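# Structural description and commentary
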Amino acid sequence: MPMRKAKILHIVGARPNFVKIAPLMDELHRHRSSFTQKLVHTGQHYGSNMSDPFFKDLNIIRPDHNLNVQSGTHAVQTAKMMMRIEPILRKYKPDLVVVVGDVNSTLAGALTASKLGIPLAHIESGLRSFDRTMPEEINRLLTDRLSSFLFTTSPEAKTNLINEGVSESNIFYTGNIMIDTLFKLRSRWGKSRILNKLGLMNGKKTMDYILLTLHRPSNVDDKKSLQEVFRALKAIPCHIPIVYPVHPRTKKSIQKLGLSGQMHQIVNMIRISPLGYLDFMKLMSQSLCVLTDSGGVQEETTVLDIPCLTLRSNTERPITVTKGTNVLVGTQSHRMIKEIRDILDGKKKKGKIPKYWDGKSAKRIVNVLKQNLASLI
Ligand code: UD1
Ligand code: UDP
């Protein structure tokens, strides 16, 4: 008797999740004789800035379910997600639940599936900042603990997992799926007109500019930390625009902390709403350097060979520092200023693209799933 298809259910919810799930869904669709798939969007990120443009830019099908959970404290948000995921899992009875990254939607999906005895696959497994004050670190640790398929992006992720007692046979070094999206959509983001829209073209020549993203609670929910960043930004020469797509968490926090005035003193800052993927990648690819506390942006800059200064004291993605263009500059303005000056003086860190950050991760993941098909169904 022919084997039935394996039923896969993906759970996503936040901006970086969408970038990671798109190539996997495409690849599984190519193997539709072996798999069926459904998509659940928790609604952690929502609306015309943080969600809709990604579904459009990345060509992701409309989610089968949108749980519309939106924002809340960690407990409220995670609990709401779990309550709304559970009946879907009971009804659909997937053979495998797939979660990506390290956001609350990842953990909610992992916990709910595991409690129902449904096998779990975690993509981007084994990353560790070793900083449990980060909500993402808790999400990463717990999700990995519960997963049967742990797909990793780099060799140190495997080491971390082995050190935590994960069996080697459950770990699969399949590479960086976010980079699949980067390569796949390169010709589309290359055509974005965002530079013209923002006045960053001088005739046919791109002006020098810096791209900034900020959203880690440790940077943006704390007045002193945010002031350190603003101090560093003020030291950037006025003729170099700082393009800043403002994350909604940061927008609210700046207002709440009474720092709008200080931010407005940075006269060369171009503040805009969060961008869709295609516009954002175009901006990244042409920038002098990127200042960020994002996880994904550390990886994308490494692949594009764009200098990245990470405004954090740790990273769960050390390969971007040891191999790539990333420099961890910490949270003190004097160090940020020094590193920015070095880049403006032409001292740019040279990097290499890590192994398996080659656009073929989704293929490797689906190969692993196919090899394990019999055990899934
Ligand atoms: C979340 C993830 C973080 C990830 C980031 C990507 C967790 C714990 N954090 O952080 O790991 O790096 O997404 O961007 O899962 N808000 C809006 N509109 C939205 C979404 C959020 O206005 O569409 C505002 C709300 O005020 C909300 C705040 O942003 O309270 C934070 O949103 P939340 O999803 O809780 O966390 P992020 O900071 O976005
Ligand atoms: N990104 C985007 N528009 C923006 C900021 C980021 O498309 O205005 C993309 C970015 O290129 C990367 C992903 O969103 O693919 C990273 O998301 P984010 O920095 O919010 O989350 P993190 O990676 O830190 O979890």
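Below or above, wherever it landed, is the structure these notes cover. Treat the numbers as computed from the prediction; the structure is a model and nothing was measured. (Residues numbered from 1 in each chain as written. Chains lettered and ligands numbered in written order. Predicted model: local features only at pLDDT ≥ 70, side-chain atom pairs only at ≥ 80, totals over all residues. Heavy atoms only, no water.)

### Looking at the layout of surface pockets
Its volume calculated, the second largest pocket comes out at about 160 Å³. Counted by class, the lining of the second largest pocket contains five nonpolar, three polar and one charged residues. (1 Å grid on protein atoms, 1.4 Å probe; cavity = no way out; pocket = protein on both sides within 12 Å on 5 of 7 lines; lining within 4 Å. Points joined across faces, edges and corners; volume = space filled by probe spheres on them. Nonpolar A, V, L, I, M, F, W, Y, C, P; charged D, E, K, R; others polar.)

### What to know about the site of ligand 1
For ligand 1, the set of nearby residues contains 18 residues, the closest of which are His 45, Asn 104, Glu 136, Arg 249 and Lys 252. Between Tyr 46 and ligand 1, the recorded distance is 2.9 Å, taken from a backbone N or O atom to an oxygen atom. Listing elements by their share of the shell around ligand 1, those giving two or more residues are α4 (74-92), α6 (135-146) and α13 (248-256). Considering each element in turn, the shell around ligand 1 owes the most residues, three residues, to α13. Here the residues of the shell around ligand 1 are counted per class, giving six nonpolar, eight polar and four charged. (Near = heavy atom within 4 Å. Polar contact = N/O pair within 3.5 Å; in protein donor to acceptor, adjacent residues only side chain to side chain. Helix = DSSP H or I, 4+ residues; strand = E, 2+ residues; numbered from the N terminus.)

### Quick look at unusual backbone geometry
Notably, Asn 68 is not glycine yet its phi reads approximately 50°, a positive angle. Residue placement: Asn 68 occurs in the loop between β3 (65-66) and α4. A relative accessible area of 47% means that Asn 68 is categorised as partly exposed. (Buried < 20%, exposed > 50% of the residue type's maximum accessible area, 1.4 Å probe, protein only.)

### Looking at the pattern of salt bridges
Per the counting criterion, the structure on display carries 24 salt bridges. Notably, a salt bridge pairs Glu 299 with Arg 317, separated by 2.8 Å at the nearest N-O pair. Of this pair, Glu 299 sits in helix α16 (residues 295-304) while Arg 317 is found in the loop between β14 (308-310) and α17 (319-322), placing the two residues 18 residues apart along the sequence. Of the two residues, Glu 299 and Arg 317, neither departs from the other in class, the shared state being buried. (Salt bridge = Lys/Arg side-chain N within 4 Å of Asp/Glu carboxyl O.)

### Digging into helix α8 (residues 177-184)
Counting buried residues in α8 gives six out of eight residues, a clear majority hidden from the surface. Within α8, the full set of buried residues consists of Ile 177, Met 178, Ile 179, Asp 180, Thr 181 and Leu 182. Buried positions along α8 lie against α1 (15-30), β5 (120-125), α9 (186-190), α15 (277-285), α16 and α19 (361-371). The N-cap residue of α8 is Asn 176: its side-chain oxygen and the backbone nitrogen of Met 178 are 3.0 Å apart. (Contact = heavy atoms within 4.5 Å.)

### Re the site of ligand 2
Surveying the vicinity of ligand 2 reveals 18 residues, the closest of which are Arg 216, Leu 275, Ser 294, Gly 296 and Glu 300. Arg 15 is positioned with one of its side-chain polar atoms (N or O) 2.8 Å from an oxygen atom of ligand 2. One of the side-chain nitrogen or oxygen atoms of Glu 300 is found 2.6 Å away from an oxygen atom of ligand 2. Mapped onto the shell around ligand 2, the elements with two or more residues apiece are α1, α15 and α16. Counted by class, the shell around ligand 2 contains ten nonpolar, five polar and three charged residues.

### Quick notes on the packing of helix α5 (residues 104-115) against α6
Two elements in contact, α5 and α6, have axes whose closest approach is 9 Å; the angle formed by their N-to-C orientations is 30°. If you check the angle between α5 and α6, you find them roughly parallel. For the crossing formed where α5 meets α6, the hand is left-handed. Note on element contacts: α6 touches α5 through Asn 139, Leu 142, Thr 143 and Leu 146, opposite Asn 104, Thr 106, Leu 107, Ala 110, Leu 111 and Ser 114. (Axes fitted to C-alpha atoms, helices over the stretch in contact; angles between N-to-C directions. Parallel < 35°, antiparallel > 145°, perpendicular 65-115°, else oblique. Left-handed = near helix turned anticlockwise from the far one by under 90°.)

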